[in-house]
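Listed below are the residues making up each chain.
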Amino acid sequence: MADINVIFEIARKETLSYYSQKSAYLRNVLFLVLFSVLTITNTTNTLGRYGYTSTILSITLNILMPMAAIFPVTMASGLSISAFPVERDQKTLEYLLSLPVTDREVFLGKFLAALATGLVGLVIVLAVILGYLLLTCHIAWDAPLLTGSLSLMIFAIVPMLVILLILTTVVISSRISSRELYIINVVSMFVLLYMNIAADSLKIDALTFNEALVAILAVAIVGIYLLGARLFNRESMIKSL
């Protein structure tokens, strides 16, 4: 049985260690500006073409939200990708794994640190994008903004994607040292973006499409978690040092 206090302590240590680097703040600010501007620019261009209505805004955000979600994924990737490689480089992994904590507590602590960072980043980027669009664009409210499909995208699909990608990178980084996982995470978000565009072009019902995505992501998250918890083994990691 995992000790919640131990998990939170490991997560706190990871977060404080990572954000003791000034470069982490600079990198996050740059990514926030980049992906906020890209999402806002594409959204306003679409509104300018089809009309500044809440219906068009809702449809557009449903399609482009994965672009905005690249920010929290990259923000959390700094922690999830370096979760174990940095410990190896600094020769502190052996000490961590020799402490009286279980394998699952170490694994979950590393994951929680990255997850908390990613979810905070998600809230920030959504606040920036939605705040800018609602304050600067004169939207005609012809329908509710939060349709069923957009609600699923914002409150289920994007957070689940962040969880899945972070969990996957923590699992992989516990086995191999690879900074290239940044690229995999970003590419994954662009794949979803183009899937959304394709679904819209093919006139696939957005709500049905999003419901299917939620089911697929839920299965993937559970599968990756079970795989990671089973594969993580401190003894094999110490031997690899």
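Higher on the page you've got the structure.
Residues numbered from 1 in each chain as written. Predicted model: local features only at pLDDT ≥ 70, side-chain atom pairs only at ≥ 80, totals over all residues. Heavy atoms only, no water.

## A word on the nonpolar core
In terms of nonpolar packing, the biggest core is built from 59 residues, with M65 and V125 touching the most fellow members. Those elements that provide at least two residues to this core are α1 (4–18), α2 (22–50), α3 (54–68), α4 (70–82), α7 (103–136), α8 (148–173), α9 (181–201) and α10 (206–231). Ranked by the residues each element gives to this core, the list is headed by α8, at 15 residues. When sequence neighbours within four positions are dropped, the list of residues in contact with M65 reads L126, M153, I154 and V158. (Core = buried A, V, L, I, M, F, W, Y, C linked by side-chain atoms within 4.5 Å. Buried < 20%, exposed > 50% of the residue type's maximum accessible area, 1.4 Å probe, protein only. Helix = DSSP H or I, 4+ residues; strand = E, 2+ residues; numbered from the N terminus. Contact = heavy atoms within 4.5 Å.)

## With respect to the environment of M195
Considering the arrangement of structural elements, one finds M195 in helix α9. Considering only alpha carbons, one finds M195 and F209, 14 residues apart in sequence, at a separation of 9.8 Å. Excluding anything up to four places from it in sequence, M195 contacts F209 and L213.

## Topic: α8
Taking 1.5 Å of rise per residue, 26 residues should cover 38 Å, and α8 covers 36 Å from first to last C-alpha, within 8% of that figure. Of all the bends found along α8, the most pronounced is centred on I154 and spans about 35 degrees. Burial of α8 is extensive: 19 of the 26 residues sit out of reach of the surface. (Expected span 1.5 Å × (residues − 1). Bend = angle between axes of the 7 residues up to and from the residue.)

## Observations concerning the side chain of T39
Assignment of secondary structure puts T39 in helix α2. Side-chain polar atoms of T39 contact the backbone nitrogen of A68, separated by 3.4 Å. (Polar contact = N/O pair within 3.5 Å; in protein donor to acceptor, adjacent residues only side chain to side chain.)

## A closer look at the pattern of salt bridges
With the rule as written, the count across this model stands at 1 salt bridge. R12 is the salt-bridge partner of E9, the closest N and O atoms lying 2.7 Å from each other. Taken together, the residues span about one helical turn, with E9 and R12 both in helix α1 at a distance of 3 residues. For R12, a relative accessible area of 45% gives the class partly exposed. (Salt bridge = Lys/Arg side-chain N within 4 Å of Asp/Glu carboxyl O.)

## What to know about the packing of α2 against α3
Axis separation between α2 and α3 bottoms out at 10 Å; the angle between their running directions is 155 degrees. Judged by the angle between their axes, α2 and α3 are roughly antiparallel. The two elements α2 and α3 meet at a crossing, and its hand is right-handed. Note on element contacts: α3 touches α2 through I56, L57, T60, L61, L64, M67 and A68, opposite F35, L38, T39, N42, T43, T46, L47 and Y50. Here the contact of α2 with α3 is built from residues that sort into 10 nonpolar, 5 polar and no charged. (Axes fitted to C-alpha atoms, helices over the stretch in contact; angles between N-to-C directions. Parallel < 35°, antiparallel > 145°, perpendicular 65-115°, else oblique. Left-handed = near helix turned anticlockwise from the far one by under 90°. Nonpolar A, V, L, I, M, F, W, Y, C, P; charged D, E, K, R; others polar.)

## Points about α10
Its 26 residues give α10 an end-to-end C-alpha distance of 37 Å, which sits within 8% of 38 Å, the value for a rise of 1.5 Å per residue. Buried residues of α10: F209, N210, L213, L217, I221 and G228, and no others.

## Describing the packing of aromatic side chains
Tallied over the full model, the rule gives 3 aromatic pairs. When the ring of F31 is compared with that of F35, the centres are 6.1 Å apart and the planes differ by 20 degrees; the resulting orientation is stacked. Taken together, the residues span about one helical turn, with F31 and F35 both in helix α2 at a distance of 4 residues. On the basis of relative accessible area, F31 is assigned to the partly exposed category, the value being 24%. For the ring pair F107 and Y225, a centre distance of 6.3 Å and an interplane angle of 45 degrees mean the geometry is tilted. With F107 in helix α7 and Y225 in helix α10, this pair connects stretches of sequence that are 118 residues apart. Its relative accessible area of 1% is what places F107 among the buried residues. (Phe/Tyr/Trp six-rings, centres within 6.5 Å; stacked < 30°, edge-to-face > 60°.)

Keep in mind that these numbers describe shape and distance, not what the molecule does.
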